[in-house]
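Chain and residue survey
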Amino acid sequence: MRTLAGSVRAHWKQAIRTMSAPNKNYDPVEVTALSPEEIERALEAALGAIAAAGSLDELKAARLAHSGDRAPLTLARAEIGALPPQARAEAGKRVGAVQGQVKAAIGRRQAALEKERDERVLIAEAVDVTLPAARQVQGARHPVSLSAELLSDVFVAMGYEVAEGPEVEAEWYNFDALNFPPDHPAREMQDTLFIARQDGLPGSSGIVARTHTSPVQIRSLLTRPLPLYVVSPGRVYRNEASDATHLAAFYQIEGLAVDEGLTMADLRGAIQAFVDVLFGAGLRTRLRPDYFPFTEPSADVSMECHVCRGASVKPGADPCRTCRSMGWIELAGCGMVNPRVLVACGIDPDRYSGFAFGLGVERALMLAHGIGDIKDTTDGDVRFSRAFGMEL
Ligand code: DAH
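Below is a summary of the structure that appears in this document. (Residues numbered from 1 in each chain as written. Predicted model: local features only at pLDDT ≥ 70, side-chain atom pairs only at ≥ 80, totals over all residues. Heavy atoms only, no water.)

Phe155, Phe274, Val275, Phe279, Leu331, Phe355 and Phe357 are the most contacted members of the largest nonpolar core, which totals 46 residues. Those elements giving two or more residues to this core turn out to be helix H6 (143-157), strand S5 (228-237), strand S6 (249-259), helix H10 (264-279), strand S8 (295-304), strand S9 (328-337), strand S10 (353-360) and helix H12 (361-369). A per-element tally of this core places H10 first, with eight residues. When sequence neighbours within four positions are dropped, the list of residues in contact with phenylalanine 279 reads Met303, His306, Leu331, Ala364, Leu367 and Ala368. Counting 21 residues, the second largest nonpolar core, distinct from the first, contains Leu34, Ile39, Ala91 and Val102. (Core = buried A, V, L, I, M, F, W, Y, C linked by side-chain atoms within 4.5 Å. Buried < 20%, exposed > 50% of the residue type's maximum accessible area, 1.4 Å probe, protein only. Helix = DSSP H or I, 4+ residues; strand = E, 2+ residues; numbered from the N terminus. Contact = heavy atoms within 4.5 Å.)

Okay, structure coming up:
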């Protein structure tokens, strides 16, 4: 029987016979690695290992073993040089064809395994886009700060400056200079939180948590040149139990104008300006007599109810919760600066006159938005703050 090795030899002999000069007498050489059986065996082994590779790692190992530098086919190819020259091309072609087969098989298996892996990954790493996302909650400016700023801006636009004072204040600024007599019940009326009380001393030299922003009037009059137009937003304190409309710490905004020839008509104009900004233009305002030690005459400012516009007052009309069917809403205190205050600050009351006003920021915000409970402004719930955006 003719063996494979024999047929290779016969093949070579034939090749040598047909070869051109000068290599006619070249001796054929036996190279086992290049024998068709060996090549066939190497091919079978390679294809078997490639087919058996169950993962990309196993395929990589199979590739190194069967087509890497130390693979039988690679080593066999290196032996081609040992063949008689006329046999080399043929041997090279055959080994090359087998190597090509191996490479192609690796490529196919690689593609199949990658596809399998991708399908596995798609399932294993699938994202449920319908799950609620972990949202990063954003903060918001507080509506009370925004309201105070908006109100300040109305007056800044009219040429006022913003003035600020300390929340821990000398009793003299908070009361005495504002014409509260030493034993005046108003000091108790304002539910003052005394920080350092100095009973028995002339005048009053205690320290209080300021009960209103009016002491900034005094600080401004003592430090700024005349004429003077200032607004002072800020936090104030009262020793009182909080309920739906009261807080122990809340915000006020104070206005003060001192100039030559100012009258109550100027005061009315200033008041109408902030009502227009807060509640929209077109609401009537009215002043009614009131009492504050630092203004003379003093008044309280009311505005026409922005919800019912006075309609709830008529007999048989639907009641209005906002103005309690009064038709008017009290908004602020105001008046002409008491000459005694000017004198306390070294200003000639015969030459200068002034007006002042003060209002509660939370109260204005609550009225503008129909907020029923003032505690909503202190809870710090960002959903409450965000609802107001940048508007009052
Ligand atoms: N300071 C007063 C209070 O807290 C409010 C006030 C009333 C301020 C009349 C003023 C004013 O400037 O003129 O109750």
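So much for the structure itself; the text now carries on.
Looking now at the site of the ligand. Around the ligand, a shell composed of 15 residues is seen, among which His212, Ser214, Arg238, Gln252 and Glu254 lie nearest. Within the side chain of glutamate 254, one N or O atom sits 2.6 Å away from an oxygen atom of the ligand. Coverage of the ligand by the protein chains reaches 91% of its 350 Å² of free accessible surface. Considered class by class, the residues forming the shell around the ligand number five nonpolar, eight polar and two charged. (Near = heavy atom within 4 Å. Polar contact = N/O pair within 3.5 Å; in protein donor to acceptor, adjacent residues only side chain to side chain. Areas by Shrake-Rupley, 256 points an atom, 1.4 Å probe, with all protein chains shown as cover. Nonpolar A, V, L, I, M, F, W, Y, C, P; charged D, E, K, R; others polar.)

Turning our attention to unusual backbone geometry. Here the amide bond leading from leucine 226 into proline 227 is cis, since omega sits at -5°, within 30 degrees of zero. Following glutamate 296, the chain continues to proline 297 via a peptide bond in cis, the omega torsion being -5°. For proline 297, the location among the structural elements is in strand S8. In this model, arginine 324 sits at a positive phi of 50°, which is unusual for a non-glycine residue. With respect to the element layout, arginine 324 can be found in the loop between S8 and S9. You can call arginine 324 exposed: its relative accessible area is 70%.

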